[in-house]
Number of protein chains: 2
Amino acid sequence: MRGRSIRGSFVHAPVRGELEVLRVAVITIASDGTITSIGRAADGVPEGTIELPAGQLMLPGFVDLHLHAPQYPQLGMALDVPLEVWLGKYTFPLEAQYADLAFAQERYETLVTDLLASGTTTALYFATVHREATELLAQICLKQGQRALVGKVVMDDPASCPDDYRDASAELAVAETRAVIDHIRALPDNDRVLPVITPRFIPSCTDAALAGLGALAAECDCHVQTHCSESDWAHGYALDRYGKTDTAALDGFGLLGRKTVLAHSVFLTDDDMATVRAAGAGVAHCALSNMYFGNAVFPLRRALEKGLHVGLGTDISGGPSGSMLEACRATAQASRLLEDGVDARDSRETRGVPNSRIDMLTAFHLATAGGGVALDLPVGMFRPGYHFDALLIDPVAEAGTVRLFGAEPAERLEQILYTASRPNIAATFVGGDLVSGASPQ
Amino acid sequence: MRGRSIRGSFVHAPVRGELEVLRVAVITIASDGTITSIGRAADGVPEGTIELPAGQLMLPGFVDLHLHAPQYPQLGMALDVPLEVWLGKYTFPLEAQYADLAFAQERYETLVTDLLASGTTTALYFATVHREATELLAQICLKQGQRALVGKVVMDDPASCPDDYRDASAELAVAETRAVIDHIRALPDNDRVLPVITPRFIPSCTDAALAGLGALAAECDCHVQTHCSESDWAHGYALDRYGKTDTAALDGFGLLGRKTVLAHSVFLTDDDMATVRAAGAGVAHCALSNMYFGNAVFPLRRALEKGLHVGLGTDISGGPSGSMLEACRATAQASRLLEDGVDARDSRETRGVPNSRIDMLTAFHLATAGGGVALDLPVGMFRPGYHFDALLIDPVAEAGTVRLFGAEPAERLEQILYTASRPNIAATFVGGDLVSGASPQ
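Computed from a predicted structure; not experimentally measured.

S.K.: What is the right way to look at the UniProt feature "domain: Amidohydrolase-related" (unreviewed entry) in chain A in this model?
M.R.: Per the UniProt record, "domain: Amidohydrolase-related" (unreviewed entry) is found at residues 58-435 of chain A. Helix makes up 42% of residues 58-435 of chain A and strand 17%, with an end-to-end C-alpha separation of 15 Å.

Pasting the structure below:
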C-alpha cells in the first residue's frame with residue numbers, strides 16, 4: 001500500500017467515547033508507510049487508487065500493550081492456580097526452555113504469524129531472560145513486519161527466581177539489557193521494532209537491578225515495562241519490602257516515565273494514579289488475565305477519568321486468548337461486573353461500584369488509539385503523519401462469525417467487534433505493508 | 001456414521017470434576033444413531049471401521065440450554081442498556097418481524113447452520129410469539145439435523161407487552177402452544193425435535209396464561225422453559241406481584257417439573273434452590289449474558305453442591321456469542337470474579353464469595369453431560385444407549401486457533417477448550433448423522 005491511495009470506508013475512535021466513520025473516503029499512504037492525507041472520495045480519487053471490496057471496511061490495527069511471547073505454548077493452560085504457583089510450576093520452566101534458539105524460533109514465528117492474523121499490528125512483548133532469544137524475537141517481528149517493542153526480562157533475585165532461570169547478577173542483567181537495546185536499534189532496515197527495559201516485577205528483582213535499569217532508561221531514552229500491583233500477593237509484596245506501593249517504588253527507581261507501561265495495576269491507590277498521571281506513564285489493562293490472577297477488577301473508568309493513559313493487553317498467557325477482540329470484550333464484561341457487583345445476596349446498593357461500565361466502543365478506542373498514546377507512538381488511528389497500521393474487515397467472510405443480514409457494516413461496529421473472529425480479518429497492514437491475509441487489488 | 005464403528009480418541013466428562021479419555025477406542029453406532037458399544041481397539045476393530053485422522057479427537061456435542069433464536073440478528077448489539085429497555089426498544093421490535101415467514105426463514109436457517117458449525121448439537125430454543133414461525137424453526141432444525149427443543153413464546157399481558165407483539169389472550173396463547181406441540185410431534189420422520197412450553201417470564205404473562213400452561217405441561221408431559229430471577233428487576237417483580245419469588249410462583253402454577261429449565265436464576269434463594277431440586281428441574285446458567293443483564297453472578301458452585309441440575313446457555317442475544325465454547329470460558333471467568341470479588345478497595349476477606357470457582361473441565365461437563373441431565377435426554381456423553389451427538393476436533397486446522405506445538409491433544413483438553421474456534425470443529429454429528437463439516441472416511 002506504500003505510495004498508494006485506498007478508497008473505502010474507514011472506522012476509528014481517535015477520541016474516547018466517539019466513533020468516527022470515514023465513509024467513501026480516500027487515504028493516501030507515503031512511501032515510508034505513513035498516512036499523508038485523508039479526504040472525501042467526492043473531492044477526487046488519485047489514479048491507481050485501490051478500491052476496498054464492497055461491504056468491507058478498514059479499522060486501525062490493534063495495539064497489544066502487554067503479552068509474554070514465550071508463554072504462547074501454554075495459552076489456556078493452568079489457569080486454576082494462584083499467580084505465584086503459576087509462575088514457579090508452569091511459567092518459569094517453560095520460559096527457561098527458550099535458551100534453546102530452535103525451540104524459541106518455532107514458537108515465536110508461530111506467535112507473530114498468529115497475532116498478525118488476529119489484527120495485532122503493534123505488540124509490547126515480554127520475552128525471556130535470554131539475550132539471544134530476545135534478539136531473535138525482535139528479528140522475527142521485523143521479518144514478519146509487526147510493529148513491536150521487545151524486552152529482555154530481568155529477574156535476578158536468587159531468593160525468588162529459579163537457579164536455572166534468572167540473571168546471574170544485577171550487573172549482568174543491566175549489561176545484557178543494554179546489549180539487547182543496542183542490537184535492536186542496530187537491526188538493518190529496522191523501521192518498526194523498539195527495545196524495552198523490562199524488569200519482570202519487583203518480587204523477582206534486586207534493588208541493584210531495579211536501580212540499574214532505571215538509570216539505563218534515562219540514559220537510553222527507552223521504553224520501560226513491568227508488572228504493577230497485579231494481585232493481592234504482588235501488591236502486598238512491595239508494601240512489605242519497601243513500605244510503599246509498587247508504583248511508588250518503581251518511581252523511586254526511575255522506572256516511571258512517559259514511555260513506561262505498567263501491566264495490570266489492579267490495586268493502584270488514588271495516590272498511585274496521581275503518580276502515574278504525573279509521570280505520563282501508561283497502564284496495560286488486561287481484563288481477561290485479571291479474571292484469573294488479578295483478584296479484583298482494575299478500576300478502568302476511574303483511571304480514565306483521572307486522565308491516565310490506558311491501553312489493553314491480552315497478557316498471553318495469563319489470559320487464555322491472544323486476540324485483542326477478546327481483550328475488548330473482556331474489558332466491557334469485567335467492567336459490568338465491577339459496576340454491578342457479583343454476590344446476589346448483597347443489596348443492589350452495596351454490591352458493586354457505580355459508574356464503572358465501559359462500553360465496547362470505548363474498549364475499541366483503548367485497544368487502538370489508547371495503546372498508541374500509552375506508547376507515545378503515532379499508531380491507532382487514521383490521521384496524517386500516523387503509520388498506516390490497519391485491518392481490512394470482511395463481515396461476510398464465509399468462515400467468519402459476523403452476521404449482519406444486510407445491515408450496513410459501518411453502522412454495526414459494536415456488533416462486528418463483538419462477533420468477529422479471525423476469518424473476518426481479511427488482511428493486516430503495518431506501515432503500509434501487507435503482513436497477513438490478502439490485499440485488495 | 002449410523003451402523004458404523006469409529007476408531008480413535010474420545011474425551012468426555014460424564015461425571016462432574018472428572019475427565020474420561022477413551023484412547024484408541026472403538027465406538028459402534030446403531031442404525032438409529034445411538035451408541036451400541038464402546039470398547040478398546042485392542043479388543044478388536046470391526047470391518048469397515050472409520051479411523052479418525054491422526055491428531056484429531058472427538059468430544060460430545062454441546063447442549064445449549066438457553067437461547068433466543070429470533071435474536072440472532074442483534075447478536076452483540078445494544079448491550080449497554082438495562083434489561084427492560086433492551087426488551088422494549090430492541091428485542092420485541094426485532095422479534096415482531098418474525099411474523100414474516102420469509103424474514104424468519106433466512107435468519108433461522110443461518111442460525112442453525114452456524115450453531116451446528118459451532119458444535120451445538122442440542123439447543124433449547126425460545127422462538128417468538130408466532131405459531132407459524134415457531135413451527136418453521138422446528139422444521140429447519142429437523143431438516144438440518146439439529147437436536148432441538150422449540151418453544152412458542154407466550155406473552156399475553158397487555159400491561160407489559162407491546163400491542164403488536166403479544167398473544168391476543170391467555171386462552172389463545174395456550175391453544176397456540178398446544179397447536180405447536182401437536183405440530184412438532186407430528187412432523188414426519190421427527191427423531192430429534194421436541195416442543196417446549198415457553199412462558200417468556202412472569203412479567204409478560206397473565207396468571208391465566210401461566211396457569212393454563214402449567215395445566216398443559218401436566219397434560220402433555222412436555223418440557224417447560226422460562227426465565228427465572230434473572231436480574232434485580234425481574235426478581236423484584238415477582239416479589240411485588242405475588243409476595244413470593246419467581247421460583248415459588250412458577251411452582252405454584254405447575255410449571256416446575258423434571259423437564260423444566262429455568263434460565264439464569266441468578267437470584268435464587270436457598271429455599272428456591274430446594275424447590276428446584278425437589279422438582280428435579282434444571283437451571284440454564286448463562287454466564288456471558290448475566291455479565292450484561294444479570295446484575296450479579298449465578299452462584300453456580302452452590303447450586304451444584306445442593307444437587308441442582310445445571311447446564312450452560314449462550315442466551316443469544318443477551319450474551320454476544322452463540323458459541324458454547326465461549327459459554328464455557330465465561331462460566332469459568334465469572335466464577336473467578338464471584339470468588340475473588342471485584343472492588344480492589346475491599347479487603348481480600350470481604351471482597352468475594354469463597355469457594356465459588358469453576359474450572360474449565362467442570363464447565364465442559366456442564367455444557368455437555370450437564371445439559372443432557374437437565375433435559376432428561378440421553379445426550380452429552382459417550383455411553384451405550386446415548387445418541388451419538390459428537391464433534392470431531394482438529395487441533396491443527398490451518399485456520400484454527402489451537403497451538404499445541406506437538407503436545408498430545410487428549411492431554412490438552414483444557415487448552416483446546418480455551419483456544420479452539422470454529423475452524424477447529426472439523427465435523428459435527430447428531431444422532432450419527434453428519435450435520436456440519438466433513439466426515440472422516
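S.K.: What am I meant to see in helix H13 (residues 360-375) of chain B here?
M.R.: Think of an α-helix as turning once every 3.6 residues; residues three or four places apart then point the same way. Residue and element names in this part refer to chain B. Its 16 residues place the ends of H13 22 Å apart at the C-alpha level, agreeing with the 22 Å of an ideal helix rising 1.5 Å per residue. Of all bends in H13, the biggest is about 40°, found at Ala369. A large share of H13 lies buried, amounting to 14 of its 16 residues. Of the residues trailing H13, Asp376 is marked for its positive phi of about 60°.

S.K.: Just to check I follow, could you spell out the domain arrangement of chain A for this structure?
M.R.: Accessible area lost upon the coming together of the parts is a frequently used measure of interface size. Residue and element names in this part refer to chain A. For chain A, the assigned domains are domain 1 (5-60 + 381-437) and domain 2 (62-375). Of the residues lining the interface, 31 residues belong to domain 1; the matching set on domain 2 comes to 26 residues. Carbon and sulfur atoms make up 63% of the area that domain 1 and domain 2 hide from each other, which totals about 2400 Å². When the buried area of domain 1 at its contact with domain 2 is split by residue, Arg16, Leu417 and Tyr418 rank highest and sum to 28% of it. A salt bridge links Asp389 to Arg147; its shortest N-O distance comes to 2.7 Å. Applying the counting criterion to the domain 1 and domain 2 interface returns ten residue pairs in polar contact (both at pLDDT 80 or more). Contributing elements (two or more residues each) for the side of domain 1 that touches domain 2: strand S1 (5-12), strand S5 (57-60), strand S15 (390-393), helix H14 (413-419), strand S16 (425-430) and strand S17 (433-437). Counting residues per element, the side of domain 1 that touches domain 2 draws most heavily on H14, at six residues. Partitioning the side of domain 1 that touches domain 2 into residue classes produces 19 nonpolar, seven polar and five charged.

S.K.: Whenever I open this one, empty space enclosed by the protein confuses me. Can you help?
M.R.: Rolled over the atoms, a probe with the dimensions of a water molecule shows which regions are left empty. On inspection of all chains with the given rule, the structure shows eight cavities of 30 Å³ or more. As a volume, the largest cavity reaches approximately 910 Å³. Residue lining of the largest cavity: 45 residues in total, with A:Glu326, A:Arg329, B:Glu326, B:Arg329 and B:Ser421 positioned closest to the centre. Among the elements of the structure, helix H2 (101-117), helix H11 (324-340) and H14 of chain A together with helix H2 (101-117), helix H11 (324-340) and helix H14 (413-419) of chain B are those that each provide at least two residues to the lining of the largest cavity. Looking at the lining of the largest cavity, its residues break down into 21 nonpolar, 16 polar and eight charged.

S.K.: What exactly am I supposed to notice about unusual backbone geometry here?
M.R.: The phi angle of most residues is negative, glycine excepted, and most peptide bonds adopt the trans form. The peptide bond linking A:Ile316 to A:Ser317 adopts the cis configuration, its omega dihedral lying at -5°. Unusually for a residue other than glycine, B:Asp189 sits at a positive phi of about 55°. Look at B:His264: it is not a glycine, yet its phi comes out positive at around 75°. Tracing the chain through its elements places B:His264 in strand S12 (residues 260-264). Given a relative accessible area of 0%, B:His264 falls into the buried group.

S.K.: Explain the pattern of salt bridges here, please?
M.R.: In this structure the tally under the stated criterion is 60 salt bridges over all chains. Between B:Arg336 and A:Asp80 there is a salt bridge whose closest N-O contact spans 3.2 Å. A residue pair is termed interchain when its members come from two chains, as with B:Arg336 in helix H11 and A:Asp80 in the loop between strand S6 (62-68) and helix H1 (83-96). Judged by relative accessible area, which is 28%, A:Asp80 ranks as partly exposed. It is possible to trace a salt-bridge network through shared partners that takes in A:Arg2, A:Asp191, A:Arg192 and A:Asp433.

S.K.: Is there a simple way to explain the pairing of strand S10 (residues 193-199) of chain A in this structure?
M.R.: The two faces of the sheet receive side chains in turn, since in a regular strand these alternate between them. Residue and element names in this part refer to chain A. Counted residue by residue, S10 has six buried out of seven residues, so it is predominantly covered. As judged from the three bridges shared by strand S8 (residues 147-151) and S10, these two strands associate in the parallel manner. Its bridge partner being in S10, Val150 is matched across the sheet by Pro195. Judged from the two bridges that link them, strand S9 (residues 153-154) and S10 form a sheet pairing that is parallel.

S.K.: I would appreciate a short explanation of H2(A) in the present structure.
M.R.: Residue and element names in this part refer to chain A. Spanning 17 residues, H2 covers 24 Å between terminal C-alpha atoms, matching the ideal 24 Å at 1.5 Å per step. Listed in full, the buried residues belonging to H2 are Phe103, Ala104, Arg107, Tyr108, Leu111, Val112, Asp114, Leu115, Leu116 and Ala117. Here the buried face of H2 lies against S6, H1, strand S7 (120-126), helix H3 (131-144), S16 and S17. Its side-chain oxygen 2.9 Å from the backbone nitrogen of Ala102, Asp100 forms the N-cap of H2. Gly119 lies just past H2 and shows a positive phi near 100°.

S.K.: Would you mind showing me how to read the interface of chain A and chain B here?
M.R.: With 54 residues of chain A at the contact, the number on the chain B side is 54 residues. Buried area between chain A and chain B, both sides added, is near 5100 Å², and the carbon and sulfur share of it is 52%. Three residues, A:Arg336, A:Val342 and A:Phe405, lead the burial of chain A against chain B; their summed loss comes to 14% of the area buried on that side. Joining chain A to chain B, the criterion identifies eight salt bridges. B:Asp114 is paired through a salt bridge with A:Arg403; the nearest N and O atoms lie 2.6 Å apart. For the interface between chain A and chain B, the tally reads 30 residue pairs in polar contact (both at pLDDT 80 or more). Those elements that provide at least two residues to the side of chain A that touches chain B are H2, helix H9 (287-293), H11, helix H12 (348-351) and H14 of chain A.

S.K.: Whenever I open this one, the relation of the copies chain A and chain B confuses me. Can you help?
M.R.: Comparison of the two chain copies shows a relationship of rotation about an axis with a shift along it. Once turned by 180° and shifted 0.0 Å along the axis, chain A lies on chain B with an RMSD of 0.0 Å. The superposition of one copy onto the other is thereby described by a two-fold rotation axis. When the interface residues of chain A are mapped onto chain B, 100% of them again fall at the interface, so both copies present the same face.

S.K.: Is there a simple way to think about the nonpolar core in this case?
M.R.: Nonpolar side chains in soluble globular proteins generally cluster together in the buried interior. With 189 residues, the main nonpolar core has A:Val310 and B:Val310 as its most contacted residues. If we ignore the near neighbours within four places in the chain, the residues touching A:Val310 are A:Val283, A:His285, A:Phe298, A:Leu300, A:Ala303, A:Leu304, A:Leu366, A:Gly370 and A:Gly371.

S.K.: So what exactly am I meant to see when it comes to the environment of A:Ser321 here?
M.R.: Residue and element names in this part refer to chain A. Relative to the helices and strands, Ser321 resides in the loop between strand S14 (309-312) and H11. The exposure class of Ser321 is buried, given its relative accessible area of 14%. Setting aside chain neighbours within four positions, we find Ser321 in contact with Leu75, Leu288, Thr314, Ile316 and Glu326. A distance of 3.0 Å separates a polar atom in the side chain of Ser321 from the backbone nitrogen of Ser323.

S.K.: In this structure, what is going on with the packing of H3(A) against helix H4 (residues 170-185) of chain A? I would like to understand it.
M.R.: The relative placement of two packed helices is expressed as an angle between their axes plus a distance between the axes. All names here are of chain A. Two elements in contact, H3 and H4, have axes separated by 10 Å at closest approach and are oriented at 25°. Here H3 lies roughly parallel to H4, going by the angle between them. Viewed along their axes, H3 and H4 form a crossing whose handedness is right-handed. Contacts from Arg131, Thr134, Glu135, Ala138 and Gln139 in H3 reach Glu176, Ala179, Val180, His183 and Ile184 in H4. Among the residues forming the contact of H3 with H4, the class breakdown is four nonpolar, three polar and three charged.

About the thresholds
- Residues numbered from 1 in each chain as written.
- Chains lettered and ligands numbered in written order.
- Predicted model: local features only at pLDDT ≥ 70, side-chain atom pairs only at ≥ 80, totals over all residues.
- Heavy atoms only, no water.
- UniProt positions renumbered as here; feature names shortened; annotations may be inferred.
- Helix = DSSP H or I, 4+ residues; strand = E, 2+ residues; numbered from the N terminus.
- Expected span 1.5 Å × (residues − 1).
- Bend = angle between axes of the 7 residues up to and from the residue.
- Buried < 20%, exposed > 50% of the residue type's maximum accessible area, 1.4 Å probe, protein only.
- Domains from an automatic or database assignment.
- Contact = heavy atoms within 4.5 Å.
- Buried area = accessible area lost by both parts, 1.4 Å probe.
- Salt bridge = Lys/Arg side-chain N within 4 Å of Asp/Glu carboxyl O.
- Polar contact = N/O pair within 3.5 Å; in protein donor to acceptor, adjacent residues only side chain to side chain.
- Nonpolar A, V, L, I, M, F, W, Y, C, P; charged D, E, K, R; others polar.
- 1 Å grid on protein atoms, 1.4 Å probe; cavity = no way out; pocket = protein on both sides within 12 Å on 5 of 7 lines; lining within 4 Å.
- Points joined across faces, edges and corners; volume = space filled by probe spheres on them.
- Pairing = 2+ DSSP bridges.
- Least-squares fit on C-alpha atoms with pLDDT ≥ 70 in both.
- Core = buried A, V, L, I, M, F, W, Y, C linked by side-chain atoms within 4.5 Å.
- Axes fitted to C-alpha atoms, helices over the stretch in contact; angles between N-to-C directions.
- Parallel < 35°, antiparallel > 145°, perpendicular 65-115°, else oblique.
- Left-handed = near helix turned anticlockwise from the far one by under 90°.

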